[in-house]
Amino acid sequence: MLPLQLRRGPGLAAHRRRLLLLLMPPPPPPSPARRSSAAAAAAAAGPEPEAASPRYRCYALAHRALLGLGGRDTASFLQGLVTNDVELLLSGGTAAALYCHLLNVQGRSVFDSIMYRLHKNQDEEPAVLLECDVAMLEALQKHLKVYKIRRKVDLAPCPHLSLWSVLPSKQSKEAGGALEVDPRKVVTCTPDPRTEAMGWRLVLDKLENPLDIVPESQQGDIQDYHRHRYKIGIPEGVKDIVPGVALPLESNLVYMNGISFSKGCYIGQELTARTQHTGVIRKRLMPIKLKSAPPPGSIPDKAAIVSEAGKPAGSYKNSEGDVGLALIRLAQASEPLQMATTDGKRVSLSALVPGWWPNDEANKRNK
């Protein structure tokens, strides 16, 4: 066989033709008359049509992590740890995803999670993904191992997977329905179980590009994702739901379909059940609208929010631009509010009632 550089054939001929084209001098510029006629033809044809705006935007959720669980005892194991009813997801239910919290023994939220079902039917061994804040992944593994004991459950992080949120470019009735994707290319794709306003959750192999899977889509800026969820009052992660401090009912776990009051016992149930029974919830996480966007980092963590009369009204959680999230006392929720920046300046704000809250609660707050 001839060495590669000495072979002859169509490949070498084609290479020579390309080289000749590159060495040819460029054609002379068109004459003024030809340019004017071309311009006239372009004007007659009208402006070029604008590119169609994307139907969906895909947001890479690098601040969230996935932990895989599998084994024959997976359902019973999780049922004793999470606030929601795992049977709805794992034992013949139609749900593909479930929102829940994992609590400590004092009934405080430690992990906010979305649980995804991976097995297709009851004949298969249960397999799920637990989504959590990326900063809490190691702590979640340790928490689960404490209670695993001798149960047949395997735990493994999933760094080979990527998590995406898919939102309609414009708010429409599309959210909450099925998203058209190629099922062969996705690990799972499901409506966000918290509220239709959060679109869909998409789990892919890291080698897959969501823009090739979700039709008419474009990758969005993660800051826009956070602005969207703050506008509608959806908490997510350790800044919004402070581990060991946040109470699940104050974090709107009921409104986000994240708790069952009819399932059996689970860690931290007592305080939550007692609070629900009394019906007394004096504070809630609510979206806030700031009069002006403060410089990044200028509002201290847990900044106190007060009414104009100086009454305590809540505490700041986080914000993106002029929208954010705060734990607000419901008695002061309809009043003008304010908080101080790190340099002592006052920022005016107002608490808002999300449109997806139950009508009776929304009406109560609007009175």
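Notes on the structure in this doc start here. This one's a predicted model, so the numbers in the text were calculated from it and none came from an experiment.

## Examining the pairing of strand S7 (residues 161–168)
- Along S7, eight of the eight residues are buried, which leaves the element largely enclosed by surrounding structure.
- On S7, burial covers both faces: Leu 161, Leu 163, Ser 165 and Leu 167 on one face and Ser 162, Trp 164, Val 166 and Pro 168 on the other are all buried.
- Judged from the five bridges that link them, strand S1 (residues 56–60) and S7 form a sheet pairing that is antiparallel. Looking at S7, one finds that Cys 58 is bridged to Val 166.
- Alignment of S7 against strand S9 (residues 200–205), held across six bridges, turns out to be antiparallel. Considered in S9, the bridge of Leu 163 is made with Val 203.

## What about the packing of aromatic side chains?
- Tallied over the entire structure, the rule returns three aromatic pairs.
- Their ring planes at 85° and their centres at 5.7 Å tell us that Tyr 56 and Trp 200 sit as a pair that is edge-to-face. Linking Tyr 56 in strand S1 with Trp 200 in strand S9, this pair joins segments that are 144 residues apart in sequence. As far as burial versus exposure is concerned, Tyr 56 and Trp 200 are alike and both buried.
- Between Tyr 59 and Tyr 225, the ring centres sit 6.0 Å apart and the planes meet at 40°, which makes this aromatic pair tilted. One end of the pair, Tyr 59, is in strand S1; the other, Tyr 225, is in helix H6 (residues 222–232), with 166 residues separating them in the sequence. The same class applies to Tyr 59 as to Tyr 225, namely buried.

## Quick look at unusual backbone geometry
- Even without a glycine there, the phi angle at Glu 216 is positive, about 55°.
- Position of Glu 216 relative to the elements: it lies in the loop between S9 and strand S10 (217–219).
- Backbone geometry places Asn 252, a non-glycine residue, at a positive phi of 65°.
- Exposure remark for Asn 252: the relative accessible area of 0% places this residue in the buried category.

Cut-offs used in this document
Residues numbered from 1 in each chain as written. Predicted model: local features only at pLDDT ≥ 70, side-chain atom pairs only at ≥ 80, totals over all residues. Heavy atoms only, no water. Buried < 20%, exposed > 50% of the residue type's maximum accessible area, 1.4 Å probe, protein only. Helix = DSSP H or I, 4+ residues; strand = E, 2+ residues; numbered from the N terminus. Pairing = 2+ DSSP bridges. Phe/Tyr/Trp six-rings, centres within 6.5 Å; stacked < 30°, edge-to-face > 60°.

Note that all results are geometric; they support no functional claim without further evidence.
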